[in-house]
Amino acid sequence: CEYVIDKFPSSNKRTYKMYSLFSIPGSCSMAVHIILNEAGQKVTLMPARDSNGQNTPELMKANPRGQVPTLIEGDKIMVEGGAIITSLCDKYNLDLMPKDGAARAQALQWLMVCNASLHPAYSRTNFIRRNGGSEELVKASRAGAQAIWDQIETHLKANGPYLCGAKPTAGDVLLTVIGNWADKGVYTYGAKTKELFKAMIARPAYQKALKDEAVEYKAAA
């Protein structure tokens, strides 16, 4: 459904669409939640897990792989976080995703570093732990994730304060979400990385997502 908020002047009315987002609080789905907030779009958060930690029937119907984020708009379903984020940024003309050229390529590159390299590094560790892997394998997997965090810190020192320079992009949103996943002390974040976290969580869209999902942000400390 579409509706217009009447409080905006007629010359600056803003059309809103209602989205439903299957979500696990604080997970990668939070990045999509934040992007929707940045776009000024209303979103209904749908639980992806039941009280026993199992995928809900509603999620499995929408996405048989049972993964978040899964976003519904009317009769349209989107999966895969990087694709959803890029699509929303383009649709709502957000500055978080440049429109073309080298700037867009760089923004997409860093979004994919987060979505296709850093996120899977965490997933591998979780898979090893769930399936009785040795502590050596867990440490090796974590070392892979830490190496990415170290590379990001080196990059920010030379090219920051954000991943693409002076202005934040979608990759900074997802990076900041992922940064809050580990227990304190599991990963080491450099000073420039923590400054990025602090700048991103200060944005109203991020604050609203933290409140709506009842998530405390600890990684910037």
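See above for the structure.
Residues numbered from 1 in each chain as written. Predicted model: local features only at pLDDT ≥ 70, side-chain atom pairs only at ≥ 80, totals over all residues. Heavy atoms only, no water.

> Is there a simple way to explain the overall build of the protein chain in this structure?
Summing up its helical and strand segments, the protein chain has eight helices and five strands in all. In the protein chain, the succession of helices and strands from N to C terminus is β-β-α-β-α-β-β-α-α-α-α-α-α. Within the protein chain, the proportion of its 221 residues that are buried is 44%. A separation of at least 24 residues holds for 63% of the contacts in the protein chain among residues at least 6 apart in sequence. Carbon and sulfur atoms make up 52% of the accessible area of the protein chain, which amounts to about 11700 Å² in all. Charge centroids of the protein chain, computed over 27 positive and 21 negative side chains, lie 2 Å from each other. (Helix = DSSP H or I, 4+ residues; strand = E, 2+ residues; numbered from the N terminus. Buried < 20%, exposed > 50% of the residue type's maximum accessible area, 1.4 Å probe, protein only. Contact = heavy atoms within 4.5 Å. Areas by Shrake-Rupley, 256 points an atom, 1.4 Å probe, with all protein chains shown as cover. Lys, Arg positive; Asp, Glu negative; His and termini not counted. Charge placed at Lys NZ, Arg CZ, Asp CG, Glu CD.)

> So what exactly am I meant to see when it comes to the packing of aromatic side chains here?
The description of an aromatic ring pair rests on the distance of the ring centres and on the angle between the ring planes. With the rule as written, the count across this model stands at seven aromatic pairs. Note on Tyr122 and Trp181: the rings are 5.5 Å apart at their centroids and 85 degrees apart in plane angle, and the pair reads as edge-to-face. Taken as a pair, Tyr122 in helix α4 (residues 101-130) and Trp181 in the loop between α6 (170-179) and α7 (191-201) lie far apart in primary sequence, 59 residues in all. Given the relative accessible area of 6%, Tyr122 is considered buried. By relative accessible area, Trp181 is classed as partly exposed at 26%. Residues Tyr206 and Tyr217 carry aromatic rings whose centres are separated by 6.1 Å and whose planes lie at 85 degrees to one another, so their mutual orientation is edge-to-face. Note that Tyr206 is positioned in helix α8 (residues 204-212) and Tyr217 in the segment after α8, a separation of eleven residues in sequence. With a relative accessible area of 14%, Tyr217 lands in the buried category. One aromatic cluster is present, formed by Trp149, Tyr189, Phe197, Tyr206 and Tyr217 through successive ring pairs. (Phe/Tyr/Trp six-rings, centres within 6.5 Å; stacked < 30°, edge-to-face > 60°.)

> Would you mind going over the packing of helix α1 (residues 29-38) against α6 with me for this structure?
The axes of two packed helices give the description: the angle between them and the distance between them. Contact pair α1 / α6: the axes reach a minimum separation of 9 Å and the direction vectors enclose 135 degrees. It follows from the interaxial angle that α1 and α6 lie oblique. Our pair here, α1 against α6, has a crossing hand that is right-handed. Listed contacts from α6 to Met30, Ala31, Ile34 and Ile35 of α1 are Val173, Leu174 and Val177. Looking at side-chain class alone, the contact of α1 with α6 contains seven nonpolar, no polar and no charged residues. (Axes fitted to C-alpha atoms, helices over the stretch in contact; angles between N-to-C directions. Parallel < 35°, antiparallel > 145°, perpendicular 65-115°, else oblique. Left-handed = near helix turned anticlockwise from the far one by under 90°. Nonpolar A, V, L, I, M, F, W, Y, C, P; charged D, E, K, R; others polar.)

> Even after reading the chapter, I still don't get the side chain of Thr169, so can you show me in this structure?
Residue position: Thr169 is located in the loop between α5 (135-159) and α6. Residue Thr169 is classed as buried on the basis of its relative accessible area, which comes to 5%. Those residues in contact with Thr169 that sit more than four places away from it in its chain are Leu96, Pro98, Ala107 and Cys164.

> What is the right way to look at the state of the cysteines in this model?
The bond known as a disulfide is covalent and runs between the sulfur atoms of two cysteines. In this structure the tally under the stated criterion is zero disulfides. With no disulfide of its own, Cys164 lies closest to Cys114 among cysteine sulfurs, the gap being 9.8 Å. (Disulfide = S-S within 2.5 Å.)

> Sorry if this is basic, but what is going on with the pairing of strand β5 (residues 76-79) here?
On a regular strand, each side chain points to the face opposite its neighbour's, so the side chains alternate between the two faces of the sheet. Sheet analysis places strand β4 (residues 70-73) next to β5, joined by four bridges and oriented antiparallel. By the bridge assignment, Ile72 is partnered in β5 with Ile77. Hairpin connection of β4 to β5: two residues between the antiparallel strands, including Gly74 at a positive phi of 65 degrees. (Pairing = 2+ DSSP bridges.)

> How should I be thinking about α8 in this particular structure?
Side chains three or four residues apart in an α-helix point the same way, a direct result of the helix having 3.6 residues per turn. Turning to α8, its buried residues number three or more, namely Ala205, Tyr206, Ala209 and Leu210. Considered in projection along α8, the buried side chains sweep an arc of 135 degrees and stay on one side of the axis. Exposed side chains of α8 directed beyond 90 degrees from the buried face belong to Pro204 and Lys211. Looking at the residues trailing α8, positive phi occurs at Ala214, about 55 degrees. (Arc of directions from axis to C-beta.)

> Please explain the packing of α6 against α7 as it appears in this structure.
Contact geometry for α6 and α7: axes closest at 10 Å, N-to-C directions at 105 degrees. Taken together, the axes of α6 and α7 are roughly perpendicular relative to one another. Note on element contacts: α7 touches α6 through Leu196, Phe197, Met200 and Ile201, opposite Asp172, Val173, Leu175, Thr176 and Gly179. Looking at the contact of α6 with α7, its residues break down into six nonpolar, two polar and one charged.

Keep in mind that these numbers describe shape and distance, not what the molecule does.
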